[in-house]
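Chains, contacts and geometry: an overview
As a plain string of letters, each chain reads:
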Amino acid sequence: MSTETIIWLIPLPPALAFFLIVLFTNRNKALSHTIAIGAALLSWLGSMIVFARALGVERLGERPFTSSINWLATGDTWFKIGVLVDPLTALTLFFVAWTVLMIFIYSVGYHNFGQPEGDHDHKGLPPHGATVEEHGSKHVVPSVEPMYSRFFAFIGLFAFGMFTLVVSDNLLTLFVGWEIMGLCSYLLIGFWYGKKSARDAAVKAFMTTRIGDVFMLLGIAYLYSVTGALSFREIFTETTLHTLQIIPSGVLGFSTAGLIGLLLFIGTVGKSAQFPLHVWLPDAMEGPTPVSAMIHAATMVSAGVYTVIRMFPLLSLDTQTMSVIAFIGAFTALFAATIALAQNDIKRVLAYSTISQLGFMIAALGIGAYIAAVFHLITHAFFKALLFLGSGSVIHGMEHGVFHTGKHEVDPQDMFNMGGLKNKMPITFWTFLIGGFALSGFPIVTAGFWSKDEILADAFAHNLPVFLTLAVAAFLTAFYTMRQITLTFLGEPRTEEARHAHETPWTMTIPLIILSVFAIGFGWIGIPEHFPLLGGLVPNWLHEFVGGTLAEHPEAVEFSWTPLLTSLVVALGGLGLGYLFYRNVNSPAEDKLQLGFLKNKYYVDEIYNAVFVKPAIWFADKVVYQIMDKGFIDGILHLFGPGTQGIGDGIRNYFDLPFINRFLGDGSANVTYFSGEKLRVIQTGRIQQYLMLALILFLAIGAILYFFVFSV
Amino acid sequence: MVPLSWYLIFSAALFSIGLFGVLSRRNLIAILLGIELMLNSVNVNLAAFWRYGDVTNITGQVFAVIVFAVAAAEVSVGLALVISVYRKRNTVIADEIDMLKF
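Residues numbered from 1 in each chain as written. Chains lettered and ligands numbered in written order. Predicted model: local features only at pLDDT ≥ 70, side-chain atom pairs only at ≥ 80, totals over all residues.

1. Overview of the overall build of chain A
As a reminder, the rule being used: The helix and strand labels rest on DSSP assignments: H or I over at least four residues marks a helix, E over at least two residues marks a strand, and numbering proceeds from the N terminus. Radius of gyration here uses only the C-alpha atoms, and the compact-globule reference equals 2.2 Å multiplied by the residue count raised to the power 0.38. Here exposure depends only on C-beta density: within 10 Å of a residue's C-beta, 20 or more other C-beta atoms make it buried, 12 or fewer make it exposed, and intermediate numbers make it partly exposed, the C-beta atoms being placed from the backbone.
Counting its regular elements, chain A contains 28 helices and four strands. What you see for chain A is a C-alpha radius of gyration of 36 Å, clearly larger than the 27 Å of a compact globule of 712 residues, by over 25%. Taken along the three principal axes of its C-alpha coordinates, chain A extends 145 × 80 × 55 Å. Out of the 712 residues in chain A, the part that is buried amounts to 51%.

Quick look at the structure:
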């Protein structure tokens, strides 16, 4: 098959899996997950083939794989949709395919495939465990998820959305994939819809991202109205970009390019959970953990960053827009990192770290560090998928302990209920450690170090305030990561449940191991050339490859000791301090960082609630419902109702009953009856009387004719 | 030659006698006799009109012959009916045969 054909086919298997599972195999759990994983495997295979072929092309950036078809007739021209694989897409496909496949496999174990049905499990609620008898004694084991097949259908659709978005060569199909993911995130965050918190989180995620999406759609429409094209290759031509740059938009002194870029960026703010639209992401933890990994690593938030990276040639035209992006990114990086310090839920810490890391990428993009942003996007996807799957594994192990003790009030996600899991769950521990160190930027070995170091180096070279902000954020990142690892895995078990935690099945640990390989190894492709000792040993392949995406190959920044030392200090310092601080902390009371404003996420939710949600509800109730709906609309209806009834009554009483019924209906019957009654007496049966009658009538008619007709 | 009107008057008288017989007699056979009288009065008319009209055209005579034939057939059928009625109801009085009503 030609490479273009394969690219077209990459998104299809998961979509097909979705329909197959929903329509046909919903009742068969084994078949459903086989179909879903098979589909993910096919997409993975396609992506790897495309990636391998992309590697073999010299200067892929100038001659990317493209293919497009006419889709909609727009006046004289055709609106085209198609696929595009340039270096950026190829790398994105690589990490998306890997993480998606790993998450799919992991979900099998996470949803307890092979375990018995629960004793009293309900659809829409997490499984509560099943009682089994073994060796003469009863004990509780995890039970299989009641809506197992549905889960695989949804993540299949999710993967379809992401692959569509990645291979698109235009903003419209990219937006289609974007919205499919929005829908899937809603469905999956609210997967356990029996829980009110999950329902609320799903609605919140959907509404919040919708705000961004509306702006993004405006941006797309604006771009189309100015250039008449949505295809990347048509937009990113020198003339088009130049036109966009010189036409002012008339809004706040932005150029057209700047305003479009800003609108598209707001879409990303929603999707990638940047301040101020970050509120949905921590709540998205209500979904099953593979979903969190899916949203946080493989698909959703990566899609947001991918889109701004994709639109970078447009964004970089306006310095004002770039400043906004850099500011939002850097601010979010620090802001989310501080909140993460005080969270006790293992997944919430990771959620805020995701927001923070996405802030790093956005900030990198905002200061023009294109390659660093791509690099961090990929490494982050790997280690964050690893961390989420690892945390899911921890929760799963803790649930095992909860089943053992039977105390269901113990929260298996609270880190203060854990401790000492290192020995209980060794594979999870080591892989989580790798992921956590990658997130912290542990020097040299982990991938996170190289990508974060590159961002810091670029920031140091271009924008000092951003550099300082990111350095602090990086320090906090290392600190809260070590806090998490210490609380979860080190020390002694703090609860009976943690003492009975258990390593998870191989379907969960294998993906962890594979992802941890990437979390270490993927950094080595992007070692800066002038790095002391190591630089130059391995060529900086990433820089060459990704740099080719842009028309103007970006220059690597000069090596400087300051950012390198900074990143070494913050990573090692954060990790070290984190360990020292939390070595002996055993309860939230001993934790000095449980500050109210951090714990409550700076009250952003409360502020939004007071400023947006409450007034909206008030408006909906008092104005729309009471006045508009009940008063006005219903009032009109109440006029119409009796009016038509009156007309109907009138017609019935004064026309239908007297005329149609009485006169026409009854009248004709009465006349016939009456005449029959009167005439029956002449019907005697006597032939001579008939003859007599005939004679009389004959004479009478004859006389009449004679006197009145013929005589004239 | 007697004038045409005489024939017509005779014929009308004969017809009236026949009609009176049909209407007034109670016996079915007498009613049939009345019908015969009426038919024959018509024959007298036909013959008279032929004789006083175009003699070369013999339509009137032919018509009279056909009426004879019809009368003969009618009488035979009528008598057969009378016998049949008599066998069934044991009477030939017209008033008693009054099943032709609702």
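2. Examining the overall build of chain B
Quick reminder of the rule: Any two residues are considered in contact once their C-beta atoms, placed from the backbone, lie within 7 Å.
For chain B, the helix and strand inventory stands at three helices and zero strands. Listing every helix and strand of chain B by position from the N terminus yields α-α-α. For 102 residues, the compact-globule estimate of 2.2 N^0.38 gives 13 Å, and the C-alpha radius of gyration of chain B, at 17 Å, exceeds that figure by more than 25%. Structurally, chain B occupies a C-alpha span of about 50 × 25 × 25 Å along its principal axes. Long-range contacts, defined as pairs at least 24 residues apart, comprise 51% of the intrachain contacts of chain B with a sequence gap of at least 6.

3. Some thoughts on the packing of helix α6 (residues 171-189) of chain A against helix α7 (residues 196-227) of chain A
Residue and element names in this part refer to chain A. Short version of the rule: Fitting a line to C-alpha atoms yields each axis, with helices limited to the stretch in contact; the angle taken between N-to-C directions then spans 0 to 180 degrees. Note that the term roughly parallel is reserved for angles under 35 degrees, roughly antiparallel for angles over 145, roughly perpendicular for angles of 65 to 115, and oblique for everything else. When residue character is reported, Ala, Val, Leu, Ile, Met, Phe, Trp, Tyr, Cys and Pro are called nonpolar, Asp, Glu, Lys and Arg charged, and the others, Gly included, polar.
Closest axis-to-axis distance for the α6/α7 pair is 8 Å, and the angle between their directions is 170 degrees. When the axes of α6 and α7 are compared, the pair comes out roughly antiparallel. From α6, Leu-171, Leu-172, Phe-175, Glu-179, Gly-182, Ser-185, Tyr-186 and Ile-189 reach across to α7, where they touch Ala-198, Ala-201, Ala-202, Ala-205, Phe-206, Thr-209, Asp-213, Met-216, Leu-217, Ile-220 and Leu-223. Residue composition of the contact of α6 with α7, grouped by class: 14 nonpolar, three polar and two charged.

4. Regarding the nonpolar core
All names here are of chain A. The test is simple: We define the nonpolar core as any set of buried residues of the types Ala, Val, Leu, Ile, Met, Phe, Trp, Tyr and Cys, connected via C-beta atoms lying within 7 Å of each other. As annotated, the domain borders come from an automatic or database domain assignment.
Counting 215 residues, the largest nonpolar core has Leu-365, Val-374, Phe-382, Ala-385 and Leu-470 as its most contacted members. Here this core gets 21 residues from one element, more than from any other, and that element is helix α17 (residues 370-405). Counting residues domain by domain, this core receives three or more from each of domain 1 (1-268) and domain 2 (318-599).

5. Concerning the interface of chain B and chain A
Every contact between the two is made by nine residues of chain B and, on the other side, nine residues of chain A. Taken together, the residues of the side of chain B that touches chain A sort by class into six nonpolar, no polar and three charged.

6. Looking at the confidence of the model for chain A
The cut-off we apply is this: Confidence scores per residue from the predictor, reported as pLDDT, run from 0 to 100.
Residue-level pLDDT values for chain A average 85, and 99% of them are 70 or greater. Mean pLDDT values over the elements of chain A span from 74, in helix α26 (residues 596-599) of chain A, up to 91, in helix α2 (residues 12-23) of chain A.

7. So, unusual backbone geometry
Residues and elements named next belong to chain A. Residue Phe-275 is joined to Pro-276 through a cis peptide bond whose omega torsion reads 5 degrees. Along the polypeptide, Pro-276 turns up in the loop between α10 (256-271) and α11 (280-283). Although it is not a glycine, Asn-112 sits at a positive phi angle of roughly 60 degrees. Exposure remark for Asn-112: the 21 C-beta atoms within 10 Å place this residue in the buried category. In the Ramachandran plot, Ala-273 falls in the positive-phi region, its phi being about 55 degrees despite a non-glycine side chain. In this fold, Ala-273 is placed in the loop between α10 and α11.

8. Details of the domain arrangement of chain A
The domain architecture assigned to chain A consists of domain 1 (1-268), domain 2 (318-599) and domain 3 (607-680). On a C-alpha basis, the centres of domain 2 of chain A and domain 3 of chain A stand 67 Å from each other.

9. Details of helix α4 (residues 87-110) of chain A
Residues and elements named next belong to chain A. What counts, and what does not: Each residue after the first adds 1.5 Å to the expected span of a helix.
Compared with the 34 Å implied by 1.5 Å per residue over 24 residues, the 34 Å span of α4 between its first and last C-alpha is a close match. Burial within α4 is extensive, with 24 of its 24 residues counted as buried. Asn-112, located one to two residues past α4, shows a positive phi value of around 60 degrees.

10. Focus on the environment of Gln-688 of chain A
Its place among the elements puts Gln-688 of chain A in helix α28 (residues 687-709). For Gln-688 of chain A, a count of 16 C-beta atoms within 10 Å puts it in the partly exposed group. In this structure the C-alpha to C-alpha distance between Gln-688 of chain A and Phe-388 of chain A, which are 300 residues apart in sequence, comes to 115 Å. When near neighbours in sequence (up to four residues on either side) are disregarded, Gln-688 of chain A contacts Leu-23 and Ala-94 of chain B.

11. Examining the packing of α4 of chain A against helix α12 (residues 289-298) of chain A
Residues and elements named next belong to chain A. Packing of α4 against α12 leaves a shortest axis separation of 9 Å and a crossing angle of 170 degrees. Here α4 lies roughly antiparallel to α12, going by the angle between them. Here α4 contributes Val-96, Thr-99, Val-100, Ile-103, Tyr-106, Ser-107 and Tyr-110 to the contact with α12, which in turn contributes Thr-289, Pro-290, Ala-293, Met-294, Ala-297 and Ala-298. The residue inventory of the contact of α4 with α12, partitioned by class, reads ten nonpolar, three polar and no charged.

12. Side note on the pairing of strand β1 (residues 65-74) of chain A
All names here are of chain A. Quick reminder of the rule: Strands pair, by our definition, only if DSSP identifies at least two bridges between them.
Little of β1 sits inside the fold, with one of its ten residues counted as buried. With nine bridges connecting them, β1 and strand β2 (residues 77-85) associate as antiparallel partners. Following the sheet pairing, Ser-67 is matched in β2 by Val-83. In sequence, β1 turns back onto β2 through a hairpin of two residues, with Gly-75 there showing a positive phi of about 65 degrees.

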